[in-house]
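Coordinate analysis (summary)
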Amino acid sequence: MPIPSPRLIEFHRLAPFERVTHQFHEWGLCFDGAIVILPSNSSFIEGAQKLVVVPSRRTIAINLQAPVDQATVWVRGYQSIHLSALDRDGHCLALSFTEAASANCPPQPACLQKISINVAGIYRLVLESKSSFVLEGLQL
C-alpha cells in the first residue's frame, strides 16, 4: 500500500494515554514504543495544549509498509533528538538530529524543532533521545 506523499500526520484523533500502534495503518504506518499524552509538564506546552506522542520506552519506531524517500518530524525536547532512517533490512540509511537546547532557546517551553531526512528506500524511522521528548507531527 503506497503512502500518499506528502502527508502530515497529527495525533488529534487519538485519545490521551492511548498506545499508538496500528491507528495509522490505512496510511501504511505502524508505531512501536509510542503513547499519546496531553502534556502536563509546562516544558512541553506552547500555547494551547494539544495531543503529542511520547516514547513509552526510550525510542519511538515507525514502520512503513512501503518505502518513502523523505520524512520530517516536529519534536520538542532539551537534549539532542536523533532521527534514524533504516532500510528494509534494518541498515541505517541516514541520521539527523536536533541540537540540544541552548541560549537561543528559552527554558520554558522547549523549542519545537524540525528534523528532515531525504534518502531513497526508508522503511523504518527511529526517534531517540537521552531525555524526555515529544513528537508533535510527522510528514512523509
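My aim in this report is to walk through the structure given alongside it, one point at a time. These figures come from a predicted structure and were not determined experimentally. (Residues numbered from 1 in each chain as written. Predicted model: local features only at pLDDT ≥ 70, side-chain atom pairs only at ≥ 80, totals over all residues. Heavy atoms only, no water.)

What about the pairing of strand 7 (residues 81-86)?
Worth spelling out the cut-off: Any residue under 20% of the maximum accessible area for its type is buried, any over 50% is exposed, and the rest in between are partly exposed; the area is computed with a 1.4 Å probe on protein chains only. Put simply, DSSP marks the helices as runs of H or I at least four residues long and the strands as runs of E at least two long, and each gets a number from the N terminus on. Think of it this way: DSSP has to see at least two bridges between two strands before they count as a pair.
Counting buried residues in strand 7 gives five out of six residues, a clear majority hidden from the surface. Where strand 7 and strand 9 (residues 112-129) come together, six bridges link them in antiparallel fashion. Within strand 9, the residue paired with leucine 83 across the bridge is leucine 127. Relative to strand 8 (residues 92-97), strand 7 is paired through five bridges, and the arrangement is antiparallel. Across the sheet, residue alanine 85 finds its bridge partner in strand 8, namely alanine 94. Hairpin geometry of strand 7 and strand 8 is characterised by an intervening segment of five residues between the two adjacent antiparallel strands and by a positive phi of about 90 degrees at glycine 90.

What to know about the pattern of salt bridges
Selection criterion: Any carboxyl oxygen of Asp or Glu that lies within 4 Å of a side-chain nitrogen of Lys or Arg is treated as forming a salt bridge with it.
All chains considered together, the criterion is met by four salt bridges. For glutamate 26, the salt bridge goes to arginine 13, with nearest N and O atoms at 3.1 Å. Placement of the pair is glutamate 26 in the loop between strand 2 (19-20) and strand 3 (29-32) and arginine 13 in the loop between strand 1 (8-9) and strand 2, with a sequence separation of 13 residues. For glutamate 26, a relative accessible area of 42% translates into the label partly exposed. Glutamate 136 is the salt-bridge partner of lysine 50, the closest N and O atoms lying 3.3 Å from each other. Of this pair, lysine 50 sits in the loop between strand 4 (34-37) and strand 5 (52-55) while glutamate 136 sits in strand 10 (residues 133-139); the two residues are 86 residues apart in sequence, bridging distant segments of the chain. On the basis of relative accessible area, lysine 50 is assigned to the partly exposed category, the value being 40%. On the accessibility criterion, glutamate 136 (8% relative accessible area) is buried.

Distances and angles like these do not, on their own, reveal function.
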